[in-house]
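These are the residues of each chain, in order.
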Amino acid sequence: IKPFTFNLFVFLSLLGNIASISAVNKNGEGKVPKFTFTSGVLSYDVAYNLALSEMQSNIDQKNGTFIAGSGWTQLWTRDTSFAIELSAGLLHPETSKASLELCTEIDRNIGTVWLQDECGHFGGWPNLSDAIVGASGSWSLFLVTGDESFLSWAYKITKNSLARAERDVYNSETGLFMGCSSFMESNSGYPSQYAMNGTLVGQTKALSTNMLYYRGYKIAADMGAVLGASEAEIRKMIEKSENIRKAVEARLWMPNEGHFSYFEDKDGALVEQNEALGESLLLLAPKFESENSRADIIFHNTHRSGVGIPCLWPKFDLHETSDIASYYHNGRIWPFVQGFWAIAAARHKRVDIFGEEFANLVKLSQIDKSHETFAEFYELDGEYQKIRSRQLWSDSGFLGMVFHGLFGINLGVDGIWISPSKPEWLPFSNTVSLLRIIYRDMEL
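If you're wondering where the values come from, they're calculated on a predicted model, not measured in any experiment.

## Remarks on the packing of aromatic side chains
Argument step 1. Scanning the model with the defined rule gives 39 aromatic pairs in all.
Argument step 2. Centroid distance F177 to Y217: 6.4 Å. Interplanar angle 40 degrees. Geometry classified as tilted. Placement of F177 in strand β9 (residues 176-177) and of Y217 in helix α7 (residues 207-227) is noted, with a sequence separation of 40 residues between them.
Argument step 3. Taken together, the ring pairs in this structure connect F82, F183, Y327, Y328, W334, F336, F340, F377 and W393 into an aromatic cluster.
Argument step 4. Above the ring of W125, the side-chain terminus of R164 is found at 3.9 Å from the ring centroid.
Argument step 5. Sitting over the face of the ring of W253, R294 holds its NZ or CZ atom 4.7 Å from the ring centroid.

## Observations regarding unusual backbone geometry
The general pattern is negative phi for most residues beyond glycine and trans for most peptide bonds.
Argument step 1. Each neighbour pair has its own omega, and for W125 with P126 the value is 0 degrees, a cis peptide bond.
Argument step 2. When you line up the elements, P126 lands in the loop between β7 (111-114) and α4 (133-145).
Argument step 3. Its identity is not glycine, yet K349 carries a phi of approximately 65 degrees, on the positive side.
Argument step 4. Take K349: it is sitting in the loop between α11 (335-347) and α12 (351-365).
Argument step 5. A relative accessible area of 57% means that K349 is categorised as exposed.

## What to know about the packing of helix α5 (residues 148-168) against helix α8 (residues 231-251)
Argument step 1. Contact geometry of α5 with α8 gives a least axis separation of 13 Å together with a crossing angle of 50 degrees. Here α5 is positioned oblique relative to α8, judged by the angle of their axes. Between α5 and α8 the crossing geometry is left-handed. Between α5, through Y155, K159, L162 and E166, and α8, the contact on the second element is made entirely by E233, M237 and K240.
Argument step 2. For the contact of α5 with α8, the class distribution of residues is three nonpolar, no polar and four charged.

## Brief notes about the packing of helix α1 (residues 42-57) against helix α13 (residues 392-406)
Argument step 1. Close contact between α1 and α13 brings their axes to 9 Å; oriented N to C, the two are set at 135 degrees. One finds that α1 runs oblique with respect to α13. Where α1 crosses over α13, the two elements pack in a sense that is left-handed. Across the interface between the two elements, Y44, A47, Y48, A51, L52, E54 and M55 of α1 pack against L392, D395, S396, F398, L399, V402 and F403 of α13.

## Things to note about the pattern of salt bridges
Argument step 1. Overall, the coordinates contain 24 salt bridges when judged by the stated rule.
Argument step 2. Notably, a salt bridge pairs K240 with E166, separated by 2.9 Å at the nearest N-O pair. With K240 in helix α8 and E166 in helix α5, this residue pair connects regions lying 74 residues apart in the sequence.
Argument step 3. K240 sits in the partly exposed class, given a relative accessible area of 24%.
Argument step 4. On the basis of relative accessibility, which here comes to 31%, the residue E166 falls in the partly exposed class.
Argument step 5. The salt bridge involving R332 is made with E320; its shortest N-O contact spans 3.0 Å. Of the two residues, R332 sits in the loop between β15 (312-313) and α11 while E320 sits in the loop between β15 and α11, which places them 12 residues apart along the sequence.
Argument step 6. When its relative accessible area of 31% is taken as the criterion, E320 is described as partly exposed.
Argument step 7. Salt bridges sharing partners connect three or more residues here, namely R78, D117, D130 and E185.

Basis of the calculations
Residues numbered from 1 in each chain as written. Predicted model: local features only at pLDDT ≥ 70, side-chain atom pairs only at ≥ 80, totals over all residues. Heavy atoms only, no water. Phe/Tyr/Trp six-rings, centres within 6.5 Å; stacked < 30°, edge-to-face > 60°. Helix = DSSP H or I, 4+ residues; strand = E, 2+ residues; numbered from the N terminus. Lys NZ or Arg CZ within 6 Å of the ring centre and 35° of its normal. Buried < 20%, exposed > 50% of the residue type's maximum accessible area, 1.4 Å probe, protein only. Axes fitted to C-alpha atoms, helices over the stretch in contact; angles between N-to-C directions. Parallel < 35°, antiparallel > 145°, perpendicular 65-115°, else oblique. Left-handed = near helix turned anticlockwise from the far one by under 90°. Contact = heavy atoms within 4.5 Å. Nonpolar A, V, L, I, M, F, W, Y, C, P; charged D, E, K, R; others polar. Salt bridge = Lys/Arg side-chain N within 4 Å of Asp/Glu carboxyl O.

In structure tokens, the structure reads:
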């Protein structure tokens, strides 16, 4: 099919369950800007345009790559990949590609692998082991661009990264990967006995990190299928993903609490906390949660505050000081996590939970009228640190809510699917539109 341009209008009914799409060839002048969103609610439109503007400000104009946001001059594999998956890949594919190309390192025995982010409290690889998140970011970008040359590059790195993880952090007794929970890489994200003890953290098995490995194997299989890998190689990746699924369900599920554990400690004991990113990734993972009833139980039992879903709950009993690192992972609200949670809710037809998280994040971004921003994290009263304003993955989290939640955009190898989720109790206008979506060689 030759590339062409048309407008895509998605009309969402007041009931939130009917959508009609009209595709009209469009030539001529007077086009609206790309990715123009109109909701009929001023605060929603302001939040959307703010997120677009902040994301643009988080591009280093000298080298064409992302930075993490205010207070940072660098990027991380984790921040970059999650942001690309949520929405940055759709909005800025070239910047996303250039950024991912910087998120690699060399393992002298294996070759190029995804770069492992490091932290001051626990160190880097293998105590932190979530570098496989690069697979999620690169696959999401391929689904936007269809660039098989880039995919071939990412496939090799993903396979190498999985081999490194199998060598260094796979625990054969449990069938799980060891290492810190993805992004919760500070003393504030763990009980006090883990403080400054990366070796101890490295012996835990975290839900979010294992979900990234589950996705990593699934993505490797999908990459291989596109690139013509052997059936044996693809089948091996699928089998390994299934082994992780079985291990997570067998070892991390807590039936009495009705949710998965944040992590299993070195002795096999489960902590009581639920962890929002891990549960969101699980709910979004392809072919993972085969029991719909369990998904409903997770939505029911995962703690949500009045301003958004906390990154973990209940909080750990820690000594919190004025140092951000002493508290910011301990039950705070992280917008990129809100994004994943809201999208998961929309995918599972929990429009009520999606709408709740959407409205909460709009309010958080506008809580300080003199300095509206999508901050890195928020307190349960909505306060935030201004030094951590304008964060890339926070902007991407809200935009992801719009693209993948409200409009239900789901990108696949062979095309784009749209399944809107419009909360009837929010004050959207009868028609909510998203115009000039750029997808591969088309304008929708």
